[in-house]
Amino acid sequence: MNNALRGARQLPIKACIDLTFNRTVHLFRKYNNVAMNCNTPLPSCMWRLFRKRETHAQSHILTEFNYNEGVYRIVTKLQINGKGGNAQTVHYYQQTCTCGKWQMEMFPCSHAIAVCSYRGDNPLSIVNTVYTTMTYRQQYTSSFLPLSHVDYWLESDWKIKADDLKLSVFYV
Ligand SMILES: [Zn+2]
């Protein structure tokens with residue numbers, strides 16, 4: 001949005017409204033096109049992240065603590081550079097992991113994906129709907145109509161009124 005509205009500052013108010021309105025219409029047209037042509041279950045950026053975590057999940061060592069309650073301990077693979085070997089606890093039904101990513105991003109970490117695959121569930125099923133291509137498309141399906149000529153505007157039955165209490169502080 002910041003990129004779309006760049007240059008809208010310090011313009012007369014009507015020019016500012018026209019510019020922000022037209023840029024927003026353009027932005028929605030552009031992303032509507034991108035979203036409609038997206039053929040992956042998640043938009044490209046999230047799909048890349050998901051695939052990366054899914055690959056990473058394959059090298060985790062998983063211990064099941066409680067199937068019914070969905071409690072698992074995950075140990076990441078020890079790497080040559082000394083990284084890895086970290087232990088995390090996943091509470092599958094609460095959608096939490098001690099790494100913090102799952103609950104914070106509402107997007108599964110590699111530990112959660114490892115648990116999901118182990119349980120035979122589809123890892124895409126634990127991705128919050130805010131990240132899906134379907135939601136992405138819905139966001140950009142709204143349409144705008146050009147503003148009609150001022151002669152066709154209806155007379156408003158209300159007026160903008162300043163809050164005198166807030167204005168009075170300037171007179172002190
Ligand atoms: Zn995690």
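Before any of the text, the structure's been laid out above.
As a starting point, this report considers the structure included with it. (Residues numbered from 1 in each chain as written. Predicted model: local features only at pLDDT ≥ 70, side-chain atom pairs only at ≥ 80, totals over all residues. Heavy atoms only, no water.)

On to the packing of aromatic side chains, then. Summed over all chains, the structure comprises 11 aromatic pairs. Between tyrosine 72 and tyrosine 118, the ring centres sit 6.0 Å apart and the planes meet at 75°, which makes this aromatic pair edge-to-face. With tyrosine 72 in strand β2 (residues 71-75) and tyrosine 118 in helix α4 (residues 110-118), this pair connects stretches of sequence that are 46 residues apart. Look at tyrosine 72 and you get buried, because its relative accessible area is 0%. An aromatic cluster of three or more residues is present, and its members are Phe21, Phe28, Tyr31, Tyr136, Tyr140 and Phe144. (Phe/Tyr/Trp six-rings, centres within 6.5 Å; stacked < 30°, edge-to-face > 60°. Helix = DSSP H or I, 4+ residues; strand = E, 2+ residues; numbered from the N terminus. Buried < 20%, exposed > 50% of the residue type's maximum accessible area, 1.4 Å probe, protein only.)

All right, on to helix α2 (residues 44-57) then. Residues three or four positions apart in an α-helix share a direction because the helix packs 3.6 residues into each turn. Between its first and last C-alpha, α2 extends 20 Å over 14 residues, near the 20 Å set by a 1.5 Å rise per residue. Contacts from the buried residues of α2 go to α3 (101-105) and α4. (Expected span 1.5 Å × (residues − 1). Contact = heavy atoms within 4.5 Å.)

Within the protein, the atoms that donate to the zinc ion are Cys97 (SG), Cys99 (SG), Cys109 (SG) and His111 (ND1), at distances of 2.0 to 2.3 Å. Spacing between the donor residues of the zinc ion along the chain follows C-x1-C-x9-C-x1-H. (Donors = N, O, S within 2.8 Å, 3.2 Å for Na, K, Ca; no water.)

Scanning all chains against the criterion turns up 0 disulfides. Lacking any disulfide linkage, cysteine 45 is separated from the closest cysteine sulfur, that of cysteine 38, by 11 Å. Relative accessible area serves as the criterion here: at 49%, cysteine 45 is assigned to the partly exposed category. (Disulfide = S-S within 2.5 Å.)

None of this, on its own, says anything about what the molecule does.
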